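# An overview of the molecular structure
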Amino acid sequence: ALSCVDIIVAAYGSTLSIDPRRADDPKRDRFILSKGHAIAALYATLAEYEFFPKELLATFAQDGTHLPEQPSPGCVPGVELATGSLGHGLSVGIGIALAGKID
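Here we summarise the structure given alongside this text. Just so it is clear, the model here is predicted, and its values are computed rather than measured. Numbering of residues begins from 1 in every chain and follows the order in which that chain's sequence is written. Whole-chain, interface and lining totals are the exception, using all residues; otherwise, since this is a predicted model, local features are given only for residues with pLDDT of at least 70 and side-chain atom pairs are given and counted only at 80 or more. Only hydrogens and water are set aside when side-chain values are computed; all heavy atoms of the structure are taken into account.

### Quick notes on the packing of aromatic side chains
Pairs were defined over the aromatic rings of Phe, Tyr and Trp, the Trp ring being its six-membered one, requiring ring centres within 6.5 Å. Orientation was assigned from the angle between planes: stacked under 30 degrees, edge-to-face over 60, tilted for the rest. Under the counting rule described, the total for this entry stands at three aromatic pairs. On the basis of an interplanar angle of 90° and a centroid distance of 5.8 Å, the ring pair of tyrosine 12 and phenylalanine 51 is categorised as edge-to-face. Pair noted here: tyrosine 12 is in helix α1 (residues 5-15) and phenylalanine 51 is in the loop between α2 (39-48) and α3 (88-101), with a separation of 39 residues, a long-range link. Remark: exposure states derive from per-residue accessible area (1.4 Å probe, protein chains only) relative to the maximum for the residue type, with buried under 20%, exposed over 50%, and partly exposed in between. Phenylalanine 51 sits in the buried class, given a relative accessible area of 8%. The structure contains a cluster of three or more aromatic residues connected by ring pairs, namely Tyr12, Phe31 and Phe51. A helix here means a DSSP run of H or I that spans at least four residues, while a strand means a run of E at least two residues long, and both kinds are numbered starting from the N terminus.

As structure tokens, then:
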């Protein structure tokens, strides 16, 4: 997770347009984490930017938590999709972008 935390923090801190209070806004930017084994970095960043309470971080990877080791869509606000094979985020991102062009 530490290998990408700086990129995630920079994205949420100065690049992405996502309101934590409206994390499902259809016009939001999307962050796609294709490297699921680094989900702890995304959870920590989302908590820091108030997508969910920081106290929830203490439940990471516990039974019944909203913060599983392998993320699933909607487990917490800001998590867009489940992760799978490394690199699959590119094709998912292209699909999301194409779908967003359809009106």
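Picking up where we left off.
### Focus: the state of the cysteines
Count a disulfide wherever a pair of cysteine sulfur atoms falls within 2.5 Å. As enumerated under the stated definition, the model contains zero disulfides in all. Free of any disulfide, cysteine 75 has its nearest cysteine sulfur in cysteine 4, 15 Å distant. Owing to a relative accessible area of 12%, cysteine 75 belongs among the buried residues under this scheme.

### Quick look at the pattern of salt bridges
Put simply, a salt bridge is a Lys or Arg side-chain nitrogen that is within 4 Å of an Asp or Glu carboxyl oxygen. Applying the stated criterion to the full structure yields four salt bridges. Across the pair aspartate 25 and arginine 22 runs a salt bridge, and its minimum N-O distance is 3.3 Å. When the shortest N-O distance is used, the salt bridge between arginine 28 and glutamate 80 registers 3.0 Å. Placement of the pair is arginine 28 in the loop between α1 and α2 and glutamate 80 in the loop between α2 and α3, with a sequence separation of 52 residues. Judged by its relative accessible area of 14%, arginine 28 is buried. For glutamate 80, a relative accessible area of 23% corresponds to the partly exposed category.

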